[in-house]
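Given next are the chains, with one letter for each unit.
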Amino acid sequence: MAEHQSQIYFAPGIGQNLATYLPELTHKKILLLTDSNLAPLYLDEVVAQLKLLPAEVTPMVIPAGEHSKELSTVLQVYQTLIAQQFSRQDYLLALGGGVIGDLGGLVASTYMRGMKLIQLPTSIVAQSDSSLGGKTAIDYQNYKNLIGTFYPASKILVDPVYLQSLSAREMSCGLAEVIKSLLVSQQQPADYHLLTTSHFQSGVLPAQVARLIQAALQVKTEFVRADFYDFKERRFLNFGHTIGHSVEALAHGQLHHGEAVSIGMVTMLTALVEHRLLAPAVLNVVVNCLQQLQLPLTIPADLPRPAIIQQLYLDKKAANGQIELVLLKGPGQAYLQTMAIPEFAKWLGWSK
Ligand SMILES: NC(=O)c1ccc[n+]([C@@H]2O[C@H](COP(=O)([O-])OP(=O)(O)OC[C@H]3O[C@@H](n4cnc5c(N)ncnc54)[C@H](O)[C@@H]3O)[C@@H](O)[C@H]2O)c1
């Protein structure tokens, strides 16, 4: 549906030419939302670009990290918008990773029932996934993404040059999600071929990262087009996330999201191979990519399997003791299956 679509621009150097990409912001008020890691790196440059239009820019910097994705931060942003007399015709520009994008999107979608939203994603997760598709969210009472809306940005400007300042760990975590997207992509065999031929070592060539991000963005575009409200195909992008979320929650910050997803994917692929539902070669290809990125492949020894299973009852995709799983017959052949949680534990070979 046309109203669900964002205009996406992908090019190195967009950040240094923002005025060219955003003529509609001329003489508008812009709330420029970013985090404390990105502000020292890019805030001045972005403000200078927007002033060229000219536009009236209000920068707002929030502490970096998932803990900022909460209600009190949303209220602070509303207060700034009110104090500066922002109208629905004005813009919120989200400069940052998935946290800034999700939070900024939620504010933009609810302030005066919806102000204009532009995404300027800076992490791999944001560039390849979260800036696109309109999901906005904050966490509440230990539930991740509990409160949110569907509200696509009018424009998404993807500049891979921003990735140069990303830490190696964030880079690997982001690429774990890219690997997952290419695996479930319905544009096969091209995307699986990309997995088998790309080099994922840290220090991957910028051009190669850019190519992988572009491919993952395309995968997301197709899933969002087919299933904007996330009832079916879009859920294929959750491959590896069921076990991943459990492991991430129990690791209490020791594992980043991409690392937990890496473990989740390998756990599911291994079980699928053991049940003869998937060719071992697919598992090997994915493990090879994740290993090159030095991502963890197995559940940490101090996380007991029964605790991981117990944690599944708190999963958003669980209801009445049943969990919805994303399974895979082959590259691009994901499907959904609901299983009773004790049944799933047996299926994994974790209980009798
Ligand atoms: N809306 C969606 O569809 C969707 C999809 C996937 C993930 N998410 C959400 O996205 C968030 C995870 O995204 P994320 O990994 O980008 O998290 P993030 O925004 O916390 O960014 C990760 C870290 O990298 C830093 N960073 C980002 N870009 C940088 C750059 N260019 N240079 C230096 N440092 C940089 C950030 O300051 C932060 O410390 C989670 O909250 C998750 O729920 C949303």
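Here, every reference points to the structure presented above.
This one's a predicted model, so the numbers in the text were calculated from it and none came from an experiment.

Caption draft 1: Broad picture of the site of the ligand. Every one of the 24 residues lining the ligand counts as a neighbour, but Asp35, Glu66, Lys69, Ser123 and Ser165 are closest to it. Separating an oxygen atom of the ligand from a side-chain N or O atom of Glu66 is a distance of 2.6 Å. Residue Ser165 places a side-chain N or O atom 2.7 Å away from a nitrogen atom belonging to the ligand. Within the complex, 85% of the 850 Å² of free accessible area of the ligand lies under protein. Among the secondary structure elements, those contributing two or more residues to the shell around the ligand are helix H4 (98–110), helix H5 (124–130) and strand E7 (143–150). For the shell around the ligand, the residue count by class is seven nonpolar, eight polar and nine charged.

Caption draft 2: Just a nonpolar patch on the surface, in detail. Together, Leu71, Leu75, Tyr140, Tyr143, Leu146, Ile147 and Leu314 give the surface a local cluster of nonpolar side chains, amounting to about 600 Å² of exposed area. Sorting the residues of the nonpolar patch by element identifies helix H3 (71–83) and E7 as the ones contributing at least two each. No other element matches E7, which puts three residues into the nonpolar patch. With respect to the helices and strands, Leu75 occurs in helix H3. The partly exposed category is assigned to Leu75, whose relative accessible area is 42%.

Caption draft 3: Geometry of the nonpolar core. In terms of nonpolar packing, the biggest core is built from 66 residues, with Leu183, Leu195, Phe239, Met268, Leu290, Phe344 and Trp347 touching the most fellow members. Per-element accounting of this core gives the leading share, nine residues, to helix H10 (residues 257–274). Listed in part, the 25 residues of the second largest apolar core include Ala11, Ile30, Leu95 and Ile118.

Caption draft 4: Molecular detail of the sheet that holds strand E5 (residues 116–121). The strand order E1-E8-E5-E4-E2-E3 describes an open sheet built from six strands, whose pairing is parallel. Looking at which strands have only one partner, the edges of the open sheet turn out to be strand E1 (7–10) and strand E3 (56–62). In this sheet, adjacent strand axes meet at a mean angle of 15° when their direction is disregarded. In the sheet, strand E2 (residues 29–35) pairs with E3 via seven bridges, with the strands oriented parallel. Within the sheet, the bridge partner assigned to Ile30 lies in E3 and is Val57. In the packing of helix H2 (residues 39–51) onto the sheet, contacts are made with E2, E3, strand E4 (91–96) and E5, and the angle to E2 comes to roughly 165°.

Conventions used here
Residues numbered from 1 in each chain as written. Predicted model: local features only at pLDDT ≥ 70, side-chain atom pairs only at ≥ 80, totals over all residues. Heavy atoms only, no water. Near = heavy atom within 4 Å. Polar contact = N/O pair within 3.5 Å; in protein donor to acceptor, adjacent residues only side chain to side chain. Areas by Shrake-Rupley, 256 points an atom, 1.4 Å probe, with all protein chains shown as cover. Helix = DSSP H or I, 4+ residues; strand = E, 2+ residues; numbered from the N terminus. Nonpolar A, V, L, I, M, F, W, Y, C, P; charged D, E, K, R; others polar. Patch = residues over 30% accessible without salt bridge, like charges linked within 9 Å, V, L, I, M, F, W, Y side chains within 5 Å. Salt bridge = Lys/Arg side-chain N within 4 Å of Asp/Glu carboxyl O. Buried < 20%, exposed > 50% of the residue type's maximum accessible area, 1.4 Å probe, protein only. Core = buried A, V, L, I, M, F, W, Y, C linked by side-chain atoms within 4.5 Å. Pairing = 2+ DSSP bridges. Axes fitted to C-alpha atoms, helices over the stretch in contact; angles between N-to-C directions. Contact = heavy atoms within 4.5 Å.

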